[in-house]
Amino acid sequence: MFDFARSTAGKPEIMTTQRPLSPFEISYFGDDTRVGSVPVGGMPLFIGSTVRGDIDAAVLREVLADLAAAHPLLRARVATGRDGVQRFELDDSYRPSVQVHPGGAAAYRTLVNTRQDWRAGLFRAQLLREGDRTQVVLILHHGISDGRSVFPLLDQMWRRYTARVSGSPLPQPEWSYDLPDGVDTQLARLIGDAEVDAFVDMVRAGAMAMDPASAPVRLPRDGHSGGDPEGRLAMRRIELSADATAALVATARAQGFSVNSLLAGAAMAAVRTEFVPGAGPVPLMCGHAVDLRPELVPALPESTVLNCAAGSGTPVLVDSDSHPIEVAVAVAAGMHAAAESRFPAMFMRASQRPLDEVTAALFSAPPTLALSNIGRVPAHSLPEALEFVRDEVFAMAPGMPPKMTIFTVGGRLTVQVEYDTAEHSHSQMERVALAMTAQLGRLSAVVARS
């Protein structure tokens, strides 16, 4: 809702725009709160690029101000009224800050392990400089955005930055005051309580019929209490060449399923190496981050800054000699069944109501490994003075299950193996990353052999 008066120049002179946070969003702005098995209270979302060359901080500040004008949640603050209700309130005077710091990979790890103070705003940036490289990192509160929408935001940033330093700035965006409703609020208008009741009954019935021995197991935990003193949250990166990426895509197409299913098959085969080789098939759970935008009517474009991420899981049996394609077939079937039952959307609706002990335990059971696959992202438009090195995205919190964040920029696939060192050691997750690298190489060679 909003109320404003316009000046003779056509710009808002007085504007108050606000809406209550939805229950899903409140989880992200709470303390020690979870969505399913994931601790999300106060979680930051980092997105950025590393380039060779220098980025002008003053120009970047102007670009971020343009982005905040176009995307209202980027200039929102969270305020609690006398009624105790948390609300987004727009602050048209807000200008995202850009801090400049020396350092490269070590400085980035320090940043993603630093607890963020959101009182000054929910969107800002840092520039990390080391040698001939500069890393720009956009920092957002995860309660206002997800991985799907931050990549278009990063691309908008680069387009505007390139245009400004090239002497042909893009027109300033129209100020937007259209605060999108929370994704769960929008879903509640589309999915009635009776449908959610039926979904919960189905989940409960499935749980009661399940053999306890077939329950998916967690990745063995060997972390150290308190985690690594250099930063509890860590990441290992796997980067494929354009040729290896194209070979993976060709393998998926030849098998008749998605690249995501193929990657999930490789990930589950990689994780299986952490269990006893001769123990036979081990029940694992592949978690999936799912974008709910297609569920909405009308569907939201990816460029809309809003957290629309839900979760789903696919149970699979994986033996020590299982081929990743064999596992991918099982994953594809499980994902198809989840899509048919609208599991991610139903899960979000159901998780916001009181649940019996069995169902609540099912909804909060952690996956063996989670996957967040952003998909293909176009190559960025950069000034001639800059050379692209890589993109980075990171969204972890202490206590989160291990996950792989996957994206393809300019035809090259990146897999980030992310983990909490208080739960899983560097040596264990290095083994998982090496096993994943081997499985990807195995899959890239399938089409070449056929």
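Residues numbered from 1 in each chain as written. Predicted model: local features only at pLDDT ≥ 70, side-chain atom pairs only at ≥ 80, totals over all residues. Heavy atoms only, no water.

Attention now moves to helix α10 (residues 343-350). A large share of α10 lies buried, amounting to seven of its eight residues. Among all positions of α10, only P344, A345, M346, F347, M348, R349 and A350 are buried. (Buried < 20%, exposed > 50% of the residue type's maximum accessible area, 1.4 Å probe, protein only. Helix = DSSP H or I, 4+ residues; strand = E, 2+ residues; numbered from the N terminus.)

A few words now on the side chain of H71. Of note, H71 is situated in the loop between α2 (57-70) and β6 (76-80). Polar contacts involving the side chain of H71 include one to the side chain of Q156, which spans 3.0 Å. In contact with H71, other than residues within four places in its own chain, are L153, Q156, S303 and V305. (Polar contact = N/O pair within 3.5 Å; in protein donor to acceptor, adjacent residues only side chain to side chain. Contact = heavy atoms within 4.5 Å.)

Of the consecutive residues V297 and P298, the connecting peptide bond is found in the cis state with omega at -5°. Along the polypeptide, P298 turns up in the loop between β12 (282-291) and β13 (309-318). In this structure, D32 takes a positive phi of about 55° despite not being glycine. When you line up the elements, D32 lands in the loop between α1 (23-28) and β3 (34-35).

Pairing within the open sheet is mixed, and its six strands lie in the order β11-β17-β16-β14-β12-β13. Sheet topology places β11 (233-239) and β13 at the edges, where each strand pairs with a single neighbour. Pairwise comparison of adjacent strand axes, ignoring direction, gives a mean angle of 25° for this sheet. Two strands pair when backbone bridges link them, and β11 and strand β17 (residues 412-420) are joined in this way by seven bridges, in the antiparallel orientation. By the bridge assignment, R237 is partnered in β17 with Q416. Taken strand by strand, helix α4 (residues 147-165) contacts β12, β14 (369-377) and β16 (403-409), and its axis lies near 30° from that of β14. (Pairing = 2+ DSSP bridges. Axes fitted to C-alpha atoms, helices over the stretch in contact; angles between N-to-C directions.)

Overall, the predicted model of the protein chain reaches an average pLDDT of 93, with 96% of residues at or above 70. pLDDT under 50 marks residues 1-16. Its contacts with residues more than four places away, or in other chains, come to 23 contacts. (pLDDT = per-residue confidence, 0-100.)

Describing an aromatic ring pair means giving the distance of the ring centres and the angle of the ring planes. All told, the structure shown has eight aromatic pairs when counted by the stated rule. Seen from their ring centres, F24 and Y28 are 5.3 Å apart, and the 75° between their planes marks the pair as edge-to-face. One end of the pair, F24, and the other, Y28, are both in helix α1, four residues apart, so they sit about a helical turn from each other. Of the aromatic side chains, those joined through ring pairs into one cluster are F199, F343, F347 and F363. Cation over ring: R75 sits above Y177, and NZ or CZ is 4.9 Å from the ring centre. (Phe/Tyr/Trp six-rings, centres within 6.5 Å; stacked < 30°, edge-to-face > 60°. Lys NZ or Arg CZ within 6 Å of the ring centre and 35° of its normal.)

Counting buried positions along β14 yields seven of nine residues, so the element is predominantly enclosed. Both β12 and β14 contribute to a ladder of three bridges, which runs parallel. Bridging across to β14, G287 finds its partner in A370.

Moving on to the pairing of strand β5 (residues 44-52). For β5, the buried fraction is high: eight of the nine residues fall into the buried class. Two strands pair when backbone bridges link them, and β5 and strand β10 (residues 133-141) are joined in this way by nine bridges, in the antiparallel orientation. Residue R52 lies in a different strand from β10, and its bridge partner there is R133. Strand direction decides the pairing type here: β5 and strand β15 (residues 387-394), joined by seven bridges, are antiparallel.

On to the side chain of T414, then. As for its position among the elements, T414 is in strand β17. For T414, a relative accessible area of 8% corresponds to the buried category. Not counting chain neighbours up to four residues away, the residues in contact with T414 comprise R237, I238, E239, T405, I406 and F407.

This part is about a nonpolar patch on the surface. A cluster of nonpolar residues, M208, V358 and L362, forms a patch on the protein surface that exposes about 270 Å² of accessible area. Checked against the element boundaries, M208 lands in helix α6 (residues 193-209). The exposed category is assigned to M208, whose relative accessible area is 61%. (Patch = residues over 30% accessible without salt bridge, like charges linked within 9 Å, V, L, I, M, F, W, Y side chains within 5 Å. Areas by Shrake-Rupley, 256 points an atom, 1.4 Å probe, with all protein chains shown as cover. Salt bridge = Lys/Arg side-chain N within 4 Å of Asp/Glu carboxyl O.)

Moving on to the sheet that holds β5. Pairing between sheet strands relies on hydrogen bonds along the backbone, with the strands arranged either parallel or antiparallel. Taking strand neighbours across the sheet as the criterion, the five strands line up as β8-β9-β10-β5-β15 in an open arrangement whose pairing is mixed. Edge positions in the open sheet fall to β8 (98-102) and β15, since each of these has one partner strand only. For this sheet the average axis-to-axis angle between neighbouring strands, irrespective of direction, equals 20°. The sheet contact formed by strand β9 (residues 123-130) and β10 spans eight bridges and is antiparallel. Bridge pairing in β10 places L127 opposite V136. Along the sheet, α2 contacts β8, β9 and β10; its crossing angle with β9, the most-contacted strand, is approximately 155°.

What follows covers the environment of A79. Looking at where A79 falls in the secondary structure, it is placed in strand β6. Sequence separation between A79 and V393 is 314 residues, and the spatial gap between their C-alpha atoms is 28 Å. The residues touching A79, leaving out its near neighbours within four places in the chain, are V85, Q86, R87 and E89.

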